[in-house]
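# Examining the three-dimensional arrangement
What follows is the residue order along each chain.
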Amino acid sequence: WAQAYQYAAAPNITTVWMAQFDEVDEGTAIFKVGANEDEVPADGKWLTLDSDGITLPRDWYLRLCGEAQKMMNGTIPLTEDIPLDPNDFL
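The text that follows walks through the structure, step by step, so that each part is easy to find. (Residues numbered from 1 in each chain as written. Predicted model: local features only at pLDDT ≥ 70, side-chain atom pairs only at ≥ 80, totals over all residues. Heavy atoms only, no water.)

Another point: the overall build of the protein chain. A tally of helices and strands in the protein chain yields two helices and zero strands. C-alpha extents for the protein chain along the principal axes are approximately 45 × 30 × 20 Å. Split into buried and exposed, the 90 residues of the protein chain put 22% on the buried side. For the protein chain, the exposed area adds up to about 6,800 Å²; of that, 50% sits on carbon and sulfur atoms. (Helix = DSSP H or I, 4+ residues; strand = E, 2+ residues; numbered from the N terminus. Buried < 20%, exposed > 50% of the residue type's maximum accessible area, 1.4 Å probe, protein only. Areas by Shrake-Rupley, 256 points an atom, 1.4 Å probe, with all protein chains shown as cover.)

Next up, the structure:
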């Protein structure tokens, strides 16, 4: 979020590119991810959203991108604080 705020607040930055669903082949797509170990395959090693002890919804990064877009186009005010509470989506 700090980067989104920094770019939105910079008067000389007029365009910011975020990942899109159709960029899987480019390695920059953002998808829903496993929120915890119950949501990932048993085989292999998987990094889940709660790996740092914070519970987040599986679409957290998609939601952040949506809010960043709103901030950048002026739909919501500039803010250094994430304008979402993850608990509202669990």
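Continuing now.
To describe two helices that pack against each other, one gives the angle between their axes and the distance between the axes. Closest axis-to-axis distance for the helix α1 (residues 2–9)/helix α2 (residues 60–72) pair is 9 Å, and the angle between their directions is 15°. Relative to α2, the element α1 is oriented roughly parallel. Relative to α2, the crossing made by α1 is right-handed. Residue-level inspection shows A4, Y5, Y7 and A8 of α1 in contact with α2, the latter providing A68, M71 and M72. Grouping the constituent residues of the contact of α1 with α2 by class yields seven nonpolar, no polar and no charged. (Axes fitted to C-alpha atoms, helices over the stretch in contact; angles between N-to-C directions. Parallel < 35°, antiparallel > 145°, perpendicular 65-115°, else oblique. Left-handed = near helix turned anticlockwise from the far one by under 90°. Contact = heavy atoms within 4.5 Å. Nonpolar A, V, L, I, M, F, W, Y, C, P; charged D, E, K, R; others polar.)

A few words on the pattern of salt bridges. Tallied over the full model, the rule gives three salt bridges. Between R58 and E39 there is a salt bridge whose closest N-O contact spans 2.4 Å. In this pair, R58 is assigned in the loop between α1 and α2 and E39 in the loop between α1 and α2, connecting sequence segments 19 residues apart. By relative accessible area, E39 is classed as partly exposed at 33%. (Salt bridge = Lys/Arg side-chain N within 4 Å of Asp/Glu carboxyl O.)

For T48, the location among the structural elements is in the loop between α1 and α2. Exposure remark for T48: the relative accessible area of 8% places this residue in the buried category. For T48, the side chain forms a polar contact with the side chain of D50, separated by 2.6 Å. Aside from chain neighbours lying at most four places away, what touches T48 is G34, A35, N36, E37 and V40. (Polar contact = N/O pair within 3.5 Å; in protein donor to acceptor, adjacent residues only side chain to side chain.)

This paragraph deals with α2. Relative to the 18 Å expected for 13 residues at 1.5 Å per residue, α2 spans 18 Å between its end C-alpha atoms, a close match to the ideal helical length. Among the structural elements, α1 are those in contact with the buried residues of α2. Taken from the residues just after α2, G74 is the one with a positive phi, measuring 85°. (Expected span 1.5 Å × (residues − 1).)

Attention now moves to the nonpolar core. If you look at the biggest cluster of nonpolar residues, it comprises 10 residues: W1, A4, L49, L56, W60, L64, A68, M71, I76 and L84. Tallying contributions element by element places α2 first for this core, with four residues. L84 has contacts with W60, R63, L64, E67 and F89, leaving out every residue within four places of it along the chain. (Core = buried A, V, L, I, M, F, W, Y, C linked by side-chain atoms within 4.5 Å.)

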